[in-house]
Structures are given as C-alpha cells and as structure tokens.
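Here is how the chains run, residue by residue.
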Amino acid sequence: MNHSRSDTGAPHEPGLPPYQVVLAETDWGSLQTAFGNGEDLPGLLARLLEPDPKVQVTALSELGELVHHQNTLYEATAPVALYVAGILTHPAAMTLRPYRGVPIRATLLNWLVSTAYDASDEIVGRTERYFPGFLAHDTIVTAFRDLRPMLYRAVAPFLQDSHEDVREAAVIAAFILAEHPARAEHRDHLAAHARLVLDTSGDAPNRHVARKALEAWGHSLPGPEPFPEEPWDRGPHSDGRGDLEPPF
C-alpha cells in the first residue's frame, strides 16, 4: 500500500476518518459481534448523537455488549472505536450525564479506555503466557492495536481539558494508546500526567494503569499501592450503566 510522504521523505500517518465516513462506508452487516453480525450498529451509533443523555449512555452500554462483551474484541469493535473517537469533538459529546453533571465526552473516553485496555500490552502479554503466538493468530486484536496512533490523536486534545472527569479519562486512554511505538515520543510528557493521577485520583483501576505506564517506560515509581494487585481485574472496565442511576 502506498503512503503519502512529506518533503523530508517520512510517510504521513493516516488521519482519523470522519465519523460520518465510518458510519456510511463500513459494511456493518459483514462484521462479527458478540451476538451475530453488526447490521444493527449504525442505528446504535447514531443514537450517540441524540440530545437525550440517557439515550446516549444506553446506546453506549448496548454497544459494549455487542462489540466488547466479556472484555472480548470482535470484528466490529475497531470501526465502532473509530466512530466513538470521531465524535469526541461533536457538540453532542458535551451533553451532561444524568445525575452527575459530567459531559458525555467523559463516558465516551472511558468506553475507549475500557476497550483499548483489552488490547493493551499488559493484557496481550498475559494472554501470550497462556497462549503463545496469540497475536500472530488473533488478527482482530492486532488490527485494533494498529489503530492506536489514530485513536491517540483523537484523545490527545483532551489531556488538558477543563473538566476533571474528561481530563482523567483522556489521560488514561493516552497511557494505553501510547504503548504503540509510533507514539513513544509522547511518553515522557505523559509521565507527568501519570504522576498527577497517582497523586490525585481516587480511582484504583486508573491508578493501576498509571503505575504500569511509568513502570513500562522506565520511570521511578512511588511507594506501593494500598490495595492488592489482582492480575485480571485491575483494569478499567466501565460500560456506562452507572451513569443512569443516582450517585447514592
């Protein structure tokens, strides 16, 4: 495949396709989901742009069941992730979640975090221990991992967001997506964000991701965390259902 090149001879990375293009040009019916093919996905994706936040959050939760059921990636997961990343700047992403007054953008970012985590170096490395050659045979996970540079570019504008929930979700997503070698130059900058998460965040899974990022990138770690490490459930796995209930 040919790549366009800059004047210095370096290839340009492909940009994130507009969400309208992803929606219109993906053959959804040919893609596998957890419960058949993806023919219903265009309607669900369109509901993410509805003005009612309950409709948006319910749609995102239903998407999780179809393309991220039991923390598994499917053929339809990658294009859904591209669509979700593509609407982060849409006005509908600023709708406030029920009961919490937090932008839906934070929920979208957390969905990307949860999905990307299950294609992360940490999870893939654990899987490889039990199933050697896992990545060589699982083209679905490999294809998703190849999207990490594009997804990183979509979340990076929110690393300094004025809303704490949006900012932390973007930062955690960036840690996972910057594992791709094409984003290695951002890791030292992200290390400062990781230390801030460890200093200020009360979210244990997010703190876990921050610590793992610092460790993988060769940075010194603070003292041990005050909770035990559980190998398979320390990652961020949020489908947004809790956004439909009062925070009691």
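Residues numbered from 1 in each chain as written. Predicted model: local features only at pLDDT ≥ 70, side-chain atom pairs only at ≥ 80, totals over all residues. Heavy atoms only, no water.

S.K.: Pulling in residues and values, what's your account of the overall build of the chain?
M.R.: Helix and strand content of the chain: 12 helices and two strands. Looking at the chain as a whole, 48% of its 248 residues qualify as buried. For the chain, the share of sequence-separated contacts (at least 6 apart) that also reach a separation of at least 24 residues comes to 63%. Total accessible area computed for the chain in this model is approximately 12200 Å², and 54% of it derives from carbon and sulfur atoms. (Helix = DSSP H or I, 4+ residues; strand = E, 2+ residues; numbered from the N terminus. Buried < 20%, exposed > 50% of the residue type's maximum accessible area, 1.4 Å probe, protein only. Contact = heavy atoms within 4.5 Å. Areas by Shrake-Rupley, 256 points an atom, 1.4 Å probe, with all protein chains shown as cover.)

S.K.: Now, about the confidence of the model for the chain: what can you tell me, with residues and values included?
M.R.: Of the residues in the chain, 84% have a pLDDT of 70 or more, and the chain-wide mean is 87. The least confident element of the chain, judged by mean pLDDT, is helix α7 (residues 134–137) at 87; the most confident is helix α4 (residues 77–86) at 98. Segment residues 1–10 is flagged for pLDDT under 50; beyond a separation of four residues in sequence, or across chains, it makes eight contacts in the model. Note on residues 243–248: pLDDT under 50 across the span, and 15 contacts to partners over four residues away in sequence or across chains. (pLDDT = per-residue confidence, 0-100.)

S.K.: Residues and numbers for the nonpolar core, please.
M.R.: Core analysis: the largest hydrophobic core is formed by 71 residues, its most contacted members being L41, L48, V80 and F175. With 10 residues, the top contributor of residues to this core is helix α10 (residues 164–177). Ignoring anything within four residues of it in the chain, the contact list for F175 reads L190, H193, A194, V197, V209, A210, A213 and W217. (Core = buried A, V, L, I, M, F, W, Y, C linked by side-chain atoms within 4.5 Å.)

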